[in-house]
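Take a look at the letters that make up each chain.
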Number of protein chains: 4
Amino acid sequence: MILLLKRNTEQQQIEHLMEWLKGLGLETHLVKGKFQTILGLIGDTTAVDIDLLNGLDIVEDVKRIQEPYKNANRKFHPDDTVVEIGDIKIGGGNFQVIAGPCSVESEEQLTGIAKSVKASGAGMLRGGAFKPRTSPYAFQGLRGEGLELLEKAKAATGLPIVTEIMDASHLPMFENVDVIQVGARNMQNFELLKRLGKVDKPILLKRGLSSTIQELLMSAEYILAGGNSNVILCERGIRTFETYTRNTLDISAVPVLKELTHLPVIIDPSHASGMARLVKPLSLAAVAAGADGLIIEVHNDPAHALCDGPQSLTPEAFDELMTQIRTLLPLIQAQK
Amino acid sequence: MILLLKRNTEQQQIEHLMEWLKGLGLETHLVKGKFQTILGLIGDTTAVDIDLLNGLDIVEDVKRIQEPYKNANRKFHPDDTVVEIGDIKIGGGNFQVIAGPCSVESEEQLTGIAKSVKASGAGMLRGGAFKPRTSPYAFQGLRGEGLELLEKAKAATGLPIVTEIMDASHLPMFENVDVIQVGARNMQNFELLKRLGKVDKPILLKRGLSSTIQELLMSAEYILAGGNSNVILCERGIRTFETYTRNTLDISAVPVLKELTHLPVIIDPSHASGMARLVKPLSLAAVAAGADGLIIEVHNDPAHALCDGPQSLTPEAFDELMTQIRTLLPLIQAQK
Amino acid sequence: MILLLKRNTEQQQIEHLMEWLKGLGLETHLVKGKFQTILGLIGDTTAVDIDLLNGLDIVEDVKRIQEPYKNANRKFHPDDTVVEIGDIKIGGGNFQVIAGPCSVESEEQLTGIAKSVKASGAGMLRGGAFKPRTSPYAFQGLRGEGLELLEKAKAATGLPIVTEIMDASHLPMFENVDVIQVGARNMQNFELLKRLGKVDKPILLKRGLSSTIQELLMSAEYILAGGNSNVILCERGIRTFETYTRNTLDISAVPVLKELTHLPVIIDPSHASGMARLVKPLSLAAVAAGADGLIIEVHNDPAHALCDGPQSLTPEAFDELMTQIRTLLPLIQAQK
Amino acid sequence: MILLLKRNTEQQQIEHLMEWLKGLGLETHLVKGKFQTILGLIGDTTAVDIDLLNGLDIVEDVKRIQEPYKNANRKFHPDDTVVEIGDIKIGGGNFQVIAGPCSVESEEQLTGIAKSVKASGAGMLRGGAFKPRTSPYAFQGLRGEGLELLEKAKAATGLPIVTEIMDASHLPMFENVDVIQVGARNMQNFELLKRLGKVDKPILLKRGLSSTIQELLMSAEYILAGGNSNVILCERGIRTFETYTRNTLDISAVPVLKELTHLPVIIDPSHASGMARLVKPLSLAAVAAGADGLIIEVHNDPAHALCDGPQSLTPEAFDELMTQIRTLLPLIQAQK
């Protein structure tokens, strides 16, 4: 870490600062230039509060030399992490599609979709049991009952199940869940992240609506630092001024994350766009950009076809998309 | 709620939709115009999933006539809510300043600041015991010990204490806290909000970094719907493209919220700007815009003066600001 | 267009409004429902000021049934527009890559790059003669001299040339330019757009940094309404809170624009990301999402290799990318 | 300017870079630290392309020590600029309110409003003759005829007139305009800014919807560098994710700009919010935050009262606001 000090800083103030930094266990190097005084810090600066330093009267600017994440950093872990869920692998050249309904509604619905997406080539089943809803009056999910239905669908198909947790106190109910999802709104629920760092299950961590790529990596770092090294990152659209799509898919996040971290990176085109007809082009774009997987909403209840979620594919559309992905994928992977 | 249906929608589809809506307990009114078919819904539409309706093939657009929040809505509760914390009142013409350090560090620090801000006219003491930090390696607050120090400062000064909760499981430790703060990152931690709806303490709810005004009101609605009617809303800056300030204070949120809701609205100029020298102009602007209060960071540890947070006022600067607010306030209140 | 009127609106006010609307040449249809009064407008509503209507005291909301653009609207022009520049076609299944340096620097530089990108398969040559620069002290481009160098490069290679105009008064100098580019900062320079509507050359219209998709189409409409039907739209990244990349490429804009308009849509991965190493994944993503072309920065001056723009590809990297695009393109086009 | 070079950069590359920088007229200072090599640049770095340097392979980061604007910089011009328009002064403790209709519609309308706002205490008259409209089909303003009506209103009241220019070629028509306004959409129309740098009239420069504070200052610099030192800056709301208000007023821009520059800073609460009922609280907030003035929309045509712009005050509301401002202003100015 490098501190650029303001001109005219008094020697006494500089020494005061250096002593304080030494108290944090850091080695300091003072370089007085003709036009600028620079203070270099050596040691573990990950715990240093960069905002605090930036706010000091005598500091002009602070520049991190190293990213503030260690465990998630590709510099220190050059090889791709491969997350294994039973026989299913994701990352390191292993591409996976997670598919299923937005909400778990019934055994018939869920098992039907599970069989269908498995036949189309999905590697895991998604389905919301606990639903984060903006309104307290909206359906909050089947909760515990939804988890049981997911387990039944898993028993019927063999597909590992992925579902969202909303509070650490629910963890005991997630014993038979294969991958625990942290939703966008909880990406910086640090107490939850700490608890998931102690869990022996892969975590699917979704980027917050207005979280930077670095903040996503810092949240992954909370889980990794706790001892759980199986984290899958998911870009699901960010909040911008554009209102035509529900969110703006940040496709650049795929190559950027692949460069900065060794963790698998997947895309959620359903939530990013909020429109079923955009799922296909965005999925293909994600494959082309180098993503390790996709998480896609599929709904198949013909009796309520009228009420299909706006962002859900029909099983037929999903099947067609999977065929296209299978054609595209080897071509992209060959070009790396 | 009004649904504009697409042209060429078949009668059968419309009837299918109407039946489904009736199943939700809603009365429907079909108006077939020359150029557009409109379906009006009467009843409690707060639980209706507007995204789902919008996504239906036959729906062109959905228009809510009523806001989706009821308990927080000024239309149904025209009088200002006055939140009372002991003798301290906020809202309904009662202006309060909450002041104190970013983090609780020691008894000496906290009680010193508490005495000082009380002398300057602050009505409540703030101080972080549990600290949400982007990095897992950064200081996470004194946690339980910090809460004890807050209680000691309260005992020494009589100032009610305001501090942030990060997880519902910590609630038992908050027994002696006067106002429980929900931080910006937890504004949509719905499980936490539900729990706070059952608590018999005022809640200070901060707007999320990228949450709309309506989303803030919906989060307040979670607490109110649970039975806790003492919610104080806090605008603390939103995330925009501008990087000069840490966040962009949305000053318009003050008059907008005062119009939409009866709940008290306060401003946090310290976090909004991230710069102590902007706290004064932003505080005065908040008063002029009609805010019911302010929450301001004040730090007074002379031994570590070097490390004062960049956004914290000194006790002297805070005292001067309080004098200015006292001059300005009656003038603004007289103009309402 | 539909106006939802507020409850309790007096009959006299409604009649006043209807008369005023008739004065604008619109037919009005009043539908008084049990709970809402609706006023439908028939006729050419493109000139109606929706903000003005929204602001009327008696209006609850205004809903456009038709998009406010006509000439650019796919509903009225279902077939893809194919823009022809000599033998080069773009749109309607014709994919083109426009390549060249950020700034025109010298004849040697430009002609060298032109030959190189032509050999790799580029269909047009780009190069900035007039450069929009944030700082008045930065290099403003070779201006007229730059245009001459572009003409020489065209003569040497046969590649049509694409270059940016910054002021309508420069138009006479653009006589030999094949495609006139309107930069992101001028997307809403309406006087310039009007002038370009009278020009007999294709226009490459870049989306503004914070312009919505609809605003981009409205700016295209300015050109089309003037009589110039050859407009190519270009998504080049929008401004968001994310700072890792220079802008955020809105990849969803490709399928959205292809749905809303018949005009060709291309992507500028160089400006969107600001990083050469992201150009390849974003280019492939653009192809996969269905774009009609790309505009890519290529630089080849070995003597100044040190100063290659951060977002420019070397000719070698560009050649490799073109090979990958040629492999990917037929696969994507076959899937439509 | 300071360049942090990457580790492992070869000596030859560093020398290559230093030679190139010397070619730009800069003095270089190399500081090789234990862990980082730093290259300091002395000289006029305003013309250096920071993006280009950032993109060099061997450069880790670039840090400007000096702001890239000189003429607009308070460091070099500590005293407030006072812009004089006849007897009217703005800046340096002189507060002015510019008021008038959004669009000039008729002599009767404009002169009526002009007399009214003058009586209420406005110092200048605003009114749009050339109107930037998103739609080519919307009313584009009375243009030349509108300018004539503004001159008549000036003759009738003595109020200096402020109106927007949309293209440099219209300048001859602006001979009798007192203050030329550059709209938000043209803030980075650099060719126009250059022309206005040669004009002997004050320029009212509005911040672009998605322009940073630094970009606003760089656009001012274009005008100042051309020799025109009379620039008034105007914050008029930025584009964010919040849709309740038309834009988000960045109130922090007032104290930030007052710190960074000596130019007068005014606020446009009408365009920032798009709602007449927010104009009062935002105007008072602007005064409290230290603004040098306001520009406010006022409309008074009783015959078309129905069609008052949603963001325009009535003359009565404006008069009341002016009274409040006159009470507030001395109190705020006394506190500086």
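I will try to describe carefully the structure that is included in this document. (Residues numbered from 1 in each chain as written. Chains lettered and ligands numbered in written order. Predicted model: local features only at pLDDT ≥ 70, side-chain atom pairs only at ≥ 80, totals over all residues. Heavy atoms only, no water.)

Looking at the relation of the copies chain A and chain B
In screw terms, the move from chain A to chain B is a rotation of 180° and a rise of 0.0 Å along the axis, fitting with an RMSD of 0.0 Å. Put plainly, the chains are arranged around a two-fold axis. Proximity to the rotation axis, assessed at the C-alpha, singles out A:Ser210 in chain A; its C-alpha lies 3.0 Å from the axis. Taken as a fraction of all interface residues of chain A, those also at the interface in chain B reach 98%, which identifies the copy contact as same-surface. (Least-squares fit on C-alpha atoms with pLDDT ≥ 70 in both. Contact = heavy atoms within 4.5 Å.)

Quick word on the pattern of salt bridges
Inspection of every chain in the model, using the stated rule, returns 52 salt bridges over all chains. The closest approach of N and O atoms between A:Arg143 and B:Glu191, which form a salt bridge, is 3.0 Å. With A:Arg143 in the loop between strand 8 (124-126) and helix 4 (144-157) and B:Glu191 in helix 5 (residues 190-196), this pair bridges two chains. In the salt-bridge network here, residues are joined through shared partners; they are A:Arg207, A:Glu235, A:Asp250 and C:Glu242. (Salt bridge = Lys/Arg side-chain N within 4 Å of Asp/Glu carboxyl O. Helix = DSSP H or I, 4+ residues; strand = E, 2+ residues; numbered from the N terminus.)

A word on the interface of chain D and chain C
In this assembly, 50 residues from chain D lie in contact with 51 residues from chain C. Both sides of the chain D and chain C interface together cover about 4,500 Å² of buried area, and 56% of this is carbon and sulfur. Taken together, the links from chain D to chain C amount to four salt bridges. With its nearest N and O atoms 2.6 Å apart, the salt bridge here joins D:Glu215 to C:Arg239. At the surface where chain D touches chain C, the tally comes to 21 residue pairs in polar contact (both at pLDDT 80 or more). Among the elements of the structure, helix 1 (11-23), helix 2 (50-55), helix 5 (190-196) and helix 6 (213-225) of chain D are those that each provide at least two residues to the side of chain D that touches chain C. (Buried area = accessible area lost by both parts, 1.4 Å probe. Polar contact = N/O pair within 3.5 Å; in protein donor to acceptor, adjacent residues only side chain to side chain.)

Some words on the sheet that holds strand 11 (residues 203-206) of chain C
Residue and element names in this part refer to chain C. Around the barrel, eight strands lie side by side as 7-8-9-10-11-12-13-14; this closed barrel has parallel pairing. The average undirected angle you get between the axes of adjacent strands in this sheet is 30°. Pairing of strand 9 (residues 161-165) with strand 10 (residues 179-182) involves four bridges; the strand directions are parallel. Across the sheet, residue Glu164 finds its bridge partner in strand 10, namely Gln181. Docked against the sheet, helix 9 (residues 276-289) engages strand 13 (265-267) and strand 14 (293-297), running at close to 170° with respect to strand 14. (Pairing = 2+ DSSP bridges. Axes fitted to C-alpha atoms, helices over the stretch in contact; angles between N-to-C directions.)

Description of the relation of the copies chain D and chain C
Between the two copies, chain D and chain C, the superposition gives an RMSD of 0.0 Å; the rotation angle is 180° and the shift along the axis is 0.1 Å. Same-surface contact between copies: 100% of interface residues of chain D are shared with the interface of chain C.

Quick notes on the interface of chain A and chain B
Contacts between the two partners involve 52 residues from chain A and, on the opposite side, 51 residues from chain B. For the pair chain A and chain B, the summed buried surface comes to about 4,500 Å²; carbon and sulfur atoms form 56% of the total. Counting the contacts that link chain A with chain B gives 21 residue pairs in polar contact (both at pLDDT 80 or more). Secondary structure elements with two or more residues in the side of chain A that touches chain B: helix 1 (11-23), helix 2 (50-55), helix 5 (190-196) and helix 6 (213-225) of chain A. With five residues, helix 6 of chain A is the single largest residue contributor to the side of chain A that touches chain B.

Spatial relationships are all this shows, so hold off on functional conclusions.
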